[in-house]
Structures are given as structure tokens and as C-alpha cells.
Amino acid sequence: MGFARTCSVALVGVEGVVVEVQADLEPGVAAFTLVGLPDKSLTESRDRVRAAVVNSGGEWPQKKLTVGLSPASVPKGGSGFDLAVACAVLGAAERIDPRVLADIVMIGELGLDGRVRPVRGVLPAVLAAADAGYEQVVVPECTAAEAALVPGVSVLGVRSLRQLIAVLADEPVPHEEPDHAGRPDPLMAGLSLPGGGLDVCTGGLGAADGDHGHDLADVVGQRSARTAMEVAAAGGHHVFLQGAPGAGKTMLAERLPAILPRLTRAESLEVTAVHSVAGLLPQGKPLVDIPPFCAPHHSSSMQALVGGGKGIARPGAVSLAHRGVLFLDEAPEFSSHALDALRQPLESGHVVIARSAGVVRLPSKFLMLLAANPCPCGRFSLTGDACDCSPASVRRYQARLSGPLLDRVDLRVEVEPVTRAELTAQGARGESTRVVADRVRAARDRAAARFADTPWRTNCDVPGHELRTRWRPLPGAMTAAELSLERGLLTARGLDRVLRVAWTVADLAGHDRPDETDVALALQLRTGVPRGVPMVVGAQP
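Colleague: Outline the overall build of the protein chain, supporting the account with residue identities and numerical values.
Modeller: Each helix and strand counted, the protein chain has 22 helices and 17 strands in total. The C-alpha extent of the protein chain, read off along each of the three principal axes, is 85 × 50 × 45 Å. Per-residue burial over the protein chain gives 51% buried out of 541 residues. Relative to all contacts within the protein chain whose residues are 6 or more apart in sequence, the contacts with residues 24 or more apart total 72%. Carbon and sulfur atoms make up 52% of the accessible area of the protein chain, which totals about 23,500 Å².

Colleague: Quick rundown of the packing of aromatic side chains? Include the residues and the values.
Modeller: Tallying each qualifying case throughout the model produces 4 aromatic pairs. Ring geometry for Phe451 versus Trp471: centroids 5.0 Å apart, planes at 85°, classification edge-to-face. Here the residue Phe451 occupies a position in the loop between α18 (433–450) and α19 (464–469), and Trp471 occupies one in the loop between α19 and α20 (479–486), the gap between them amounting to 20 residues. Classification of Phe451 as buried rests on a relative accessible area of 0%. Overall, Trp471 belongs to the buried group, its relative accessible area being 11%. Measuring from ring centre to ring centre gives 6.4 Å for Trp456 and Trp471, while their planes differ by 80°; the resulting arrangement is edge-to-face. Separated by 15 residues along the polypeptide, Trp456 in the loop between α18 and α19 and Trp471 in the loop between α19 and α20 bring together distant segments of the chain.

Colleague: Please give an account of the pattern of salt bridges that cites residues and values.
Modeller: As enumerated under the stated definition, the model contains 30 salt bridges in all. Between Asp113 and Arg115 there is a salt bridge whose closest N-O contact spans 2.9 Å.

Colleague: Explain the side chain of Glu230 to me, using residue names and the numbers behind them.
Modeller: Relative to the elements of secondary structure, Glu230 occurs in helix α8 (residues 223–235). Not counting residues within four places of it along the chain, the set of residues in contact with Glu230 comprises Ile259, Val436, Arg439, Val440, Leu508 and Val537.

Colleague: How would you summarise α8 if you had to cite specific residues and measurements?
Modeller: Between its terminal C-alpha atoms α8 stretches 18 Å, which fits the 18 Å expected from 13 residues at 1.5 Å a residue. Directly beyond the C-terminal end of α8, a positive phi value near 75° is found at Gly236.

Colleague: Run through the nonpolar core, naming residues and quoting values.
Modeller: Residues Leu241, Leu369 and Leu525 are the most contacted members of the largest nonpolar core, which totals 58 residues. At 8 residues, helix α21 (residues 492–509) tops the list of elements feeding residues into this core. When residues no more than four places from it in sequence are discounted, the contact partners of Leu369 are Met229, Val239, Leu241, Ala253, Leu256, Val325, Leu326, Phe327 and Leu328. Counting 38 residues, the second-largest nonpolar core is a separate cluster that includes Leu83, Ala84, Cys87 and Met106.

Colleague: Describe the pairing of strand β4 (residues 64–70), naming the residues involved and giving the relevant values.
Modeller: Within a regular strand, the side chains alternate between the two sheet faces. Two strands pair when backbone bridges link them, and strand β2 (residues 15–26) and β4 are joined in this way by 7 bridges, in the antiparallel orientation. Each bridged residue has a counterpart across the sheet, and for Asp24 the counterpart in β4 is Thr66. Pairing geometry for strand β3 (residues 31–35) and β4, over 5 bridges, is parallel. Across the sheet, the residue bridging to Val35 is Gly68, located in β4.

Colleague: Help me get a handle on the pairing of strand β13 (residues 325–328), residues and values and all.
Modeller: Residues Val325 and Phe327 line one face of β13 and the alternating positions Leu326 and Leu328 line the opposite face, and both faces are buried. Bridge count between strand β12 (residues 293–295) and β13: 2 bridges; the pairing is parallel. Each residue of the ladder has a partner; that of Cys294, found in β13, is Leu326.

Colleague: If you had to explain the environment of Gly532 to someone new, which residues and values would you point to?
Modeller: On the secondary structure map, Gly532 appears in the segment after α22 (516–527). Here the alpha-carbon distance between Gly532 and Leu521, two residues 11 residues apart in the chain, equals 8.7 Å.

Colleague: A description of the environment of Ala234 should follow, citing residues and the corresponding values.
Modeller: Mapped onto the secondary structure, Ala234 falls in helix α8. The buried category is assigned to Ala234, whose relative accessible area is 3%. Separated by 27 residues in sequence, Ala234 and Pro261 have C-alpha atoms that sit 8.7 Å apart. Ignoring anything within four residues of it in the chain, the contact list for Ala234 reads Val440, Ala443, Arg444, Thr504 and Leu508.

What counts and how
Residues numbered from 1 in each chain as written. Predicted model: local features only at pLDDT ≥ 70, side-chain atom pairs only at ≥ 80, totals over all residues. Heavy atoms only, no water. Helix = DSSP H or I, 4+ residues; strand = E, 2+ residues; numbered from the N terminus. Buried < 20%, exposed > 50% of the residue type's maximum accessible area, 1.4 Å probe, protein only. Contact = heavy atoms within 4.5 Å. Areas by Shrake-Rupley, 256 points an atom, 1.4 Å probe, with all protein chains shown as cover. Phe/Tyr/Trp six-rings, centres within 6.5 Å; stacked < 30°, edge-to-face > 60°. Salt bridge = Lys/Arg side-chain N within 4 Å of Asp/Glu carboxyl O. Expected span 1.5 Å × (residues − 1). Core = buried A, V, L, I, M, F, W, Y, C linked by side-chain atoms within 4.5 Å. Pairing = 2+ DSSP bridges.

Structure follows, in C-alpha cells:
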């Protein structure tokens, strides 16, 4: 009787569970049994592994073979267990020393010819292995750079099962020629998920590199909306832009990620793990270090927005926008159920999805940007232009965005149509992306220094109770906001959000504490009611 074991990783959402892959050989009729709660794709690994071992020059044991995946209570799916199953079988057949396999984690799919193909979710799998105390990981060669992002782990990238057998058996490693030089490598197909259906941008230039394709200087006029974008980026506040078609709402949204600061190392690993599981990592760029931008179509379902699907839930748009921007253009056209499902992630920074196969917790800390027309025809607020919509249809259209959802939005701005004079003016332009990004970065640094001894880093994260007790504005600064609360114009949550925005305005202006002007601007951005203060922070454009 022969026995060997090695390890692999099962992904539950974006979290990994180390799985011990055990192989047992007994005398009897040749058979291959796979146990341990595998799904259909994992059950099919029996045929893939057998063909890969034979085509790699190995001998398949003609005995009763049982492969167990432990713990058996954890659902397991995908083809990433192929490499571990093949090595466990070869260890039980004494082709490889079983003692060498015991402390190695193996992740990868096997082709019938023995090539090791990549799978999605390598980074979170290696992170789980490192957290469990494993120091050696074997992954497909084309995902070795992604796995190497995890510190303290020795990564071996292999192109074929023959190479891995030679390394483990201490034999000369054969050289594997790349397939069809000059053509796309077929092995890279396992890294992407075709037809994702989401416009996810992770490979653009950040503010530090100068995003010339999406520069704020290209936006004509729109001082109020530009101010809202700057405040949102500095404090992580949600924004609602309402205005006529063609006023520039989408232009502003596309330029918001470029003024956000670059991701820290820890944030980059979080974002990369989510995109790795979703199969949306850009080729040649294993680490996502800029805030992602996700803009799902308004026909997207609730599962596409918050995550879901058959079996174990997969990340949705709110998770793909983690640490970045979620842009919902034509927001009233989204399903009301899909929009209301955003309430939980907006408050908690994560989404919990319960399915029959298990409960998944996905990260979803994002900056939400809503854009909408004032009515179905879009001309309701235009001066001198007739609106074709009845008052009832206008009310129904605007009511598609529920009050509880809008109460979680910090900044609400009316985007006015651009005039002919503004559009044809020569010379004067607004501030560039680089200038605004520098001011945003300085404001973030001020907030981070203020919250140095706390778990928070931006103003949007701080609970209202802490702001009211530990970081108070100047005396009398909140009088106007408190009166709005008494009159029913603000909820208690809205008052806390006004205070958070006031701190962000103060950070942009260089004030130590919010004064009456900072609170007035925050209240004006929150309610849309003019307060007699200029809609500008920092330097005048």
C-alpha cells in the first residue's frame, strides 16, 4: 500500500482554505475515486490527471486509487487542484518521495499533454497558504509574478508536469519550448474570463504618471461639479450628479480615478486578489496599484452588481470597484432592487452573500458616483426649452432613486449645461488633473496624520460619534446644519455626513478645524441649497 499527501487551496469568494490532497494506493481492481465534496469541474480532473501523467512519461498505477480532499466539509471547485492530485498520486506510486510533497502547496490546471495551465485566484490562494504557515508554493509559470507578490513565500513556476517531477525528484529539468512563437500563448487564456460584461479599467495611468487621456482641464466650466469631484476624492465621499444630457457628467466621472491617490501596498493586494478571482487582471501587470474604475451597464442584474451566481458567489461590480470608483451612469434606469442592494456595502464596506453552497464575504469599499438626467427626456431643468414629460412621469423617474440610498450620498450637484461662451472661450482652462491630485494627496495626508492612532485613514470612515466628541469643529460652526436637522431637511445620518464633508473641505483649505464657511460649503454640497459661499476649495481656478 502506498500513501502520499500534498496541499492545494480552495477559494471561497476571495478567501482561501488550505486543502490537504491525499492519495492512497491499494491492491485491487484498477479504479480512480475522488472524494471530498468536489464539483463537476474537479471530478473531471481524474481524466485530465491520468492523461497528463502518461503523456509526461510517467506510469499510471494499475491499482485501486483513492484521492481525498480534506477537510471534506468545504466545497471545492475549479481545476486548480490538478497539479496537487497528480503529484500526490505519483508520490503514492513512489515516483516522487512523499516526504518532499508534504509541505508544498500546489496550484494549477493540467492539460492532457502535461502542460500546467494557469487558473484564476492565484494571489488569494498564495495569501491563504502563507497565512497557514506554508513557505513553498508551486504555480504555473505565467502566474509566478502574481504569486511572488506575497512576502515570505518561495514560489516555483513550472510550465509542465515533466518539469515539476524533475525538480521534486532531483533530476535534470527538461526545457519546454514555447508554443507557436509569434502567436499568443495559449496558456494565458486561463487568466482571463471572457465576456465579463463589466467595463473595468485597471490599467490606466494614475495621477502620478499624468493621465493625459482624461485630464480635468478638458472639462469646460462646471465649477461646482469639479469642486464636488475634488472633495469626493479627498475624503472618499459618494457623489450624485444630476443634469441634462451632454453636460459633462460622464467626462467628470472618467477623470475621478486619476485624482485619487495611488493604492498602498496592502490596498493593492486586496484589489489584486479580487480581480484575480474574477479573471480580470491585465496581462503583464500582476499588481493593481491604481484605483479601479467600474462602470456596469444599467441593465445589470442585482447579482452582477453585488455578486452572486451558481454555487459559490463570485465578485460583482461593488467588489471589482473595491478601493476605487463605482460609476452608475443613468442611475434611475437600474433595477430598484439592484440599487437598494447597494445600501449594505455602502455602510459596511463589504457585502455578505448567502447561497446554498455557503456564505461568502466580499470586500466592497468603494466611492460611488451616480449620474442621472432630471427626467426621461432630460430637459426638465433647462431654461427656455420645453420638457415633454408630464409632472407625474418626472416624479416617478426621480423616485427611482430611493430616499434611503440618496441619504447615503454625501455630495449632490446640479450639472448645468455648458454655454456657448464657455465652450468657445480661448486660453483660460480649469486646473489640470495633476494640480488637483496634488491637493487631494495633501488633504489625505492631513487626515491620515490626524487619525494616526486610529483604524481610520479618511474622513468618510470615521463614525459620527467620534467626530462629535474627539474632533470637534470650531464653536458655532455647526449651527446651520443643526437647524436643518430640526427642520427635517437632514437626517441624523445626513448631519454626520455633513460633518465628515466639512472636515474634508477644511483639509483641502488647510484649516486645522472646520469653520462656519467649511460647514456651509459642506451643507451646500449635501442639500444643493445655496448658502452664499463660493463653490470652490483650495486655489481658485
